[in-house]
Amino acid sequence: MSQGSAIDVPLCDLNGQYKRIEAEVLEALSRVLSSGQSILGPEVATFEKEIAERLEARYAVGCGSGSDAISLALHALEIGAGDEVIIPTFTFFATAGCVVRTGATPVFVDIDPNTYNMDPAEIESKITSRTRAIMPVHLYGQSADMEPIQMLADKYGLEIIEDAAQAYGAEYHGRKIGTLGALGCFSFYPSKNLGTYGDAGLVTTDSEKLYARLKTLRVHGMEPKYYHHFVGWNARMDALHAAILRVKLKYIDGWTSQRQAAAKNYTAILEEKGLHRWLQRPTQVPGLKHVYNQYVIRVSPMMRDGLADHLKKNKVSCEIYYPLCLHQQKCFENLGYKKGQFPISEEASRSVLALPMFPEITAEQQERVADSIQNYLTRQVRLAA
Ligand SMILES: *Cc1c(COP(=O)(O)O)cnc(C)c1O
């Protein structure tokens, strides 16, 4: 491989995608700016209707971020002080942070070593009289193992809130994620599969009662104007984001297919180069539609950080999602967890590495990623021999 002609491979190419839809986005923004209604209003209502249809949910409520979505969902179920919510320890911070923000206590469980999603077998022993909900996360774009989680929720009368922030469009045995529990929470943060240019989020539900509560909660618990039944939040969605997302909704299915094709290609090239002997590729569970927000490989913890440094030096971006489990975070020290308590999650945090993944990634770029991995790993293996 000639170093001189090396092309940069970004983790995610938001600018490239923007250039392709720029005219449509600007037109949509202009429409909203001239309408005089820049928060909620008809643009958000239309977006909610369009996205609910695509997600096969009865209702969708736009809000300020994915974190708002989780907070609103918990609050809609009246979960708060004294309650416990079971969540995986291997996820983005917001899953736990929002639980704490409502006054409830996150109760962590370990993950499945192949999918990195919550291990249903770990849940039952964590259920107490205070448990109100289970919040599975569909990490990296693949659904958690929902059927056993549903069975436990039914058995103990618990609610399910899905953290679907990374998984727009994913499916669990033909059912859209976001509709498998009482409430589904989505994020439109720029790097998510469906992302805006700023912060926005969404809650989905099939319950008319929860829908009504969510709509009120996002505007300070106000209904009608200036009459407050309970203390809500300012979790409103900007109309500008709804307009941008409505443009992106036209393309999202194609982009998802491109991600899936890129994932398939990575899996093939890594094998062609014999690299599958030294690294673990993502496990795609039969029957689940994985939307590849991330393509995450796993290498020995002895080599992971060295490999990440090597890739970055060669202008191949990569990222570690997530280098420290939630039960080990300083801010959760008071919860009393110990290092070693969730060995599978802790091992994952030492061995995972996300490779560049975006719909427009070219085969040439992927080849370069694989070449860089090969350069590093063959040198390491030779040194060890
Ligand atoms: C991004 C993300 C969130 C939070 O979404 P924001 O829009 O950034 O608030 C929550 N959970 C998971 C798993 C995420 O990846």
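Structure shown above.
Note that residues are indexed from 1 along each chain, following the sequence as it is written. Only residues with pLDDT of at least 70 get local features here, since the model is predicted, and only at 80 or more are side-chain atom pairs given and counted; chain-wide, interface and lining totals rely on the full set of residues. Neither water nor hydrogens contribute to the side-chain values; these are computed over all heavy atoms in the structure.

A. Inspection of the overall build of the protein chain at higher detail. Each helix corresponds to a stretch of at least 4 residues labelled H or I by DSSP, and each strand to a stretch of at least 2 residues labelled E; elements are numbered beginning at the N terminus. A count of helices and strands for the protein chain gives eleven helices and twelve strands. For 385 residues, the compact-globule formula gives about 21 Å, and the C-alpha radius of gyration of the protein chain, at 21 Å, lands near that figure. Expressed as lengths along the three principal axes of its C-alpha atoms, the size of the protein chain is roughly 70 × 55 × 35 Å. A 1.4 Å probe rolled over the protein chains alone gives each residue an accessible area, and that area as a share of the maximum for its type sets the label: buried under 20%, exposed over 50%, partly exposed in between. Across the 385 residues that make up the protein chain, the buried fraction comes to 55%. Summarising the internal contacts of the protein chain: among those between residues at least 6 apart in sequence, 72% fall at separations of at least 24. The size measure is the radius of gyration over C-alpha atoms, and the globule rule it meets is 2.2 Å times the number of residues to the 0.38 power. Contact between two residues is taken to exist if any of their heavy atoms lie within 4.5 Å; hydrogens are not considered.

B. The site of the ligand, seen in detail. If a single non-hydrogen atom of a residue is within 4 Å of a molecule or strand, that residue counts as near it. Surveying the vicinity of the ligand reveals 14 residues, the closest of which are Gly 66, Ser 67, Asp 163, Ser 187 and Lys 192. N or O atoms within 3.5 Å of each other form a polar contact, as long as, within protein, one can give a hydrogen and the other can take it, and as long as residues adjacent in sequence are counted only when both atoms are side-chain atoms. A distance of 2.8 Å is found between an oxygen atom of the ligand and a backbone nitrogen or oxygen belonging to Gly 66. Measuring from a nitrogen atom of the ligand, one finds a side-chain N or O atom of Asp 163 at 2.8 Å. Calculation of accessible area relied on Shrake-Rupley with a 1.4 Å probe; when residues are assessed, cover is drawn exclusively from the protein chains displayed. Burial of the ligand by the surrounding chains reaches 93%, relative to a free accessible area of 380 Å². Mapped by element, the contributors of at least two residues to the shell around the ligand are helix H3 (66–76) and helix H4 (94–101). Among the elements that take part in the shell around the ligand, H3 stands out by supplying three residues, more than any other. Here the residues of the shell around the ligand sort into five nonpolar, seven polar and two charged. As a working rule, the residues Ala, Val, Leu, Ile, Met, Phe, Trp, Tyr, Cys and Pro are called nonpolar, Asp, Glu, Lys and Arg charged, and the rest polar, with Gly in that last group.

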